[in-house]
Amino acid sequence: MEINENIPPAVAPTPEPNMILTETAQFYLQKAGKWASFLGIMGFIGTGFIAIAALFMGTIFTTMATMNPMMGAAAGMGSLVTVFYLLLAVVSFFFALYLYQFGSRVKDAIAYSNTEQLTSALGKLKSFFKLWGIITIVYIVFFVLALAFSIATGLGAASMMNR
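Quick caveat, the model's predicted, so the values are computed rather than measured. (Residues numbered from 1 in each chain as written. Predicted model: local features only at pLDDT ≥ 70, side-chain atom pairs only at ≥ 80, totals over all residues. Heavy atoms only, no water.)

Draft legend 1. Expanded view of the overall build of the protein. Assigned secondary structure in the protein consists of three helices and zero strands. Ordered by position from the N terminus, the helices and strands of the protein form the series α-α-α. Burial analysis of the protein (163 residues in total) assigns 21% to the buried set. In the structure as shown, the protein presents an accessible area of about 12600 Å², 72% of it carried by carbon and sulfur atoms. (Helix = DSSP H or I, 4+ residues; strand = E, 2+ residues; numbered from the N terminus. Buried < 20%, exposed > 50% of the residue type's maximum accessible area, 1.4 Å probe, protein only. Areas by Shrake-Rupley, 256 points an atom, 1.4 Å probe, with all protein chains shown as cover.)

Below, the structure is given as structure tokens:
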């Protein structure tokens, strides 16, 4: 018995999944898109304020150190705070960007009944929540590390007091 390799095996065609959005679902997506656009714009403005604050943190900390000699260590912390604020501005920018992109794309998708635009909009929403999840995990890890450091420092200080 000989097998003919030129003939592809019979594969049953899989039906394309179809999802139909009701008018209510489209209305909800359209309203969510408007709010997402608004929050995205507000996020861009907030990011700008954070970036401006970051640029002045070094100067503010140096000025505080010259006004009060007891705050000499604050002058050196200015650059560290500047870097922290710039990092915060970058993260804030991406939150705002993903929200704004979701909002603008979902509004266009609903207005023009464009499935590709809706898919792209939902991809941006996924990116927003993925970033939110990553930041949450990082926050929890830092919190646990700070708690462990605090406990270890407290135990160390307690053991030195008992000597």
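Draft legend 2. Helix α3 (residues 115-161), seen in detail. Counted at 1.5 Å a residue, the expected span for α3 with its 47 residues is 69 Å, and the 68 Å between its end C-alpha atoms agrees. Those residues of α3 that fall on the buried side of the exposure criterion are Leu118, Ala121, Lys124, Ser127, Phe128 and Leu131. Backbone nitrogen of Glu116 and a side-chain oxygen of the N-cap are separated by 3.0 Å at the start of α3; the cap is Asn114. (Expected span 1.5 Å × (residues − 1). Polar contact = N/O pair within 3.5 Å; in protein donor to acceptor, adjacent residues only side chain to side chain.)

Draft legend 3. Structural detail: the packing of aromatic side chains. Applying the stated rule across the entire model yields 12 aromatic pairs. Pairing Phe84 with Tyr85 gives two aromatic rings, centres 6.3 Å apart and planes at 70 degrees, and the pair type is edge-to-face. On the accessibility criterion, Tyr85 (26% relative accessible area) is partly exposed. Measuring from ring centre to ring centre gives 5.9 Å for Phe128 and Trp132, while their planes differ by 45 degrees; the resulting arrangement is tilted. With Phe128 and Trp132 both in helix α3 and four residues apart, the pair spans about one turn of that helix. Exposure remark for Phe128: the relative accessible area of 9% places this residue in the buried category. Each member of the aromatic cluster is reached from another via a ring pair, and the members are Phe44, Phe93, Phe94, Tyr98 and Tyr100. (Phe/Tyr/Trp six-rings, centres within 6.5 Å; stacked < 30°, edge-to-face > 60°.)

Draft legend 4. Inspection of the confidence of the model for the protein at higher detail. Confidence in the prediction for the protein averages 88 pLDDT; 88% of positions are at 70 or higher. Element-level mean pLDDT values for the protein span from 91 in helix α2 (residues 72-112) up to 93 in α3. (pLDDT = per-residue confidence, 0-100.)

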